Amino acid sequence: MVLRLVDTHCHLDPAYFPGGPAEVVARAEAVGVAGFVVIGVGRDLGPARAAVELASAWPSKVAAVVGVHPHDATTLTDACLDELSALAADPRVVAVGEIGLDYHYDHSPRQAQREVFARLIGLARRLGKPVVVHTREAGADTLALLASEGARDVGGIIHCFSEDLAFARGALELGFDLSFSGIVTFKTARAVHEVAAWAPDDRILVETDSPYLAPVPLRGKPCEPAYVVHTAKRLAELRGVSLEALAETTSVNAERRFRRPFPAAPSRG
Ligand SMILES: [Zn+2]
Ligand SMILES: [Zn+2]
């Protein structure tokens, strides 16, 4: 069985990979990554435009997701929302994100984060596209807002899952899948291990969140999509299945969630 993985959440902005994405993508393909969901968020819409451009350049293997990260909530002006709405309507954009709440860093005031999260769930609903959610130390508010803003109508993904079983149940009930990152490879992440072993087969995904969160045994290095293999390996181990089976399950889940196919095998060169 050939290994086929989809990295459902990576940042490939020029700011992170000044040499451009070509080598990074080639290294990932060499180890079995066939699809890349590229997130375009930042202090302005530059990364969102770059993500859409990348998806246009490599339409079969790259999909784009655009949004405003909770860190940058205060940057969302009406003009910015207009351009973001136009970008998000592009057929190469498969979801609105990453959006959500981050009460760990509090880079934007919490009230501003909640308002922007609600507005962008509204955008996703108007477009009929799923949302990619970032949540940190804000589990209760995240679930409450997803529920009150009707996110269930579009569903989506809790990216970089780092919560517990109670949160996971709430998210699944709202129509959200759980995406596991390098955190699942950390020895101390016991609550995440528990959810990783428990979650239903058809609701799990894998991601790198590159350039952040390199998995064990590559801690401290800038993370890149090739490393998703380590995350998938650990997730497979926790679930008692083979790496190949886990890879195929999560890739099919990614295709279902984003409503588009990814290549049946990584392209060569
Ligand atoms: Zn995030
Ligand atoms: Zn991210």
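Everything below is about the structure printed above this text.
Asker: Any chance you could explain the packing of helix H5 (residues 139-148) against helix H6 (residues 165-173) here in plain terms?
Answerer: Pairs of packed helices are described in terms of their axes, by the angle between the two and the distance that separates them. Axis separation between H5 and H6 bottoms out at 10 Å; the angle between their running directions is 10°. Here H5 lies roughly parallel to H6, going by the angle between them. Between H5 and H6, the residues in contact are Gly139, Thr142 and Leu143 and Phe167, Gly170 and Ala171, respectively.

Asker: Quick question: what am I supposed to make of the pattern of salt bridges here?
Answerer: What the rule picks out here adds up to 16 salt bridges. Arg203 is the partner of Asp177 in a salt bridge, and the nearest nitrogen-oxygen pair spans 2.7 Å. Pair noted here: Asp177 is in strand E7 (residues 176-180) and Arg203 is in the loop between helix H7 (190-198) and strand E8 (204-206), with a separation of 26 residues, a long-range link. Exposure remark for Arg203: the relative accessible area of 19% places this residue in the buried category. Taking the shortest distance from any N to any O, the salt bridge between Arg239 and Asp201 comes out at 3.0 Å. Taken together, the residues span a long stretch of sequence, with Arg239 in helix H8 (residues 228-239) and Asp201 in the loop between H7 and E8 at a distance of 38 residues. Shared partners join several salt bridges into a network, and the residues in it are Arg4, Glu248 and Glu255.

Asker: So what exactly am I meant to see when it comes to the packing of aromatic side chains here?
Answerer: In this description, an aromatic ring pair is defined by two values, namely the gap between the centres and the angle between the planes. Per the counting criterion, the structure on display carries three aromatic pairs. Between Phe161 and Phe167 the ring centres are 6.1 Å apart and the planes differ by 50°, which places this aromatic pair in the tilted class. One exposure class covers both Phe161 and Phe167, and it is buried. Taken together, the ring pairs connect Phe161, Phe167 and Phe180 into an aromatic cluster. Taking NZ or CZ as reference, Lys61 lies 4.9 Å from the ring centre of Trp58, over its face. The side chain of Arg260 reaches across the aromatic face of Phe262, ending 4.4 Å from its centre.

What counts, and at which threshold
- Residues numbered from 1 in each chain as written.
- Chains lettered and ligands numbered in written order.
- Predicted model: local features only at pLDDT ≥ 70, side-chain atom pairs only at ≥ 80, totals over all residues.
- Heavy atoms only, no water.
- Axes fitted to C-alpha atoms, helices over the stretch in contact; angles between N-to-C directions.
- Helix = DSSP H or I, 4+ residues; strand = E, 2+ residues; numbered from the N terminus.
- Parallel < 35°, antiparallel > 145°, perpendicular 65-115°, else oblique.
- Contact = heavy atoms within 4.5 Å.
- Salt bridge = Lys/Arg side-chain N within 4 Å of Asp/Glu carboxyl O.
- Buried < 20%, exposed > 50% of the residue type's maximum accessible area, 1.4 Å probe, protein only.
- Phe/Tyr/Trp six-rings, centres within 6.5 Å; stacked < 30°, edge-to-face > 60°.
- Lys NZ or Arg CZ within 6 Å of the ring centre and 35° of its normal.

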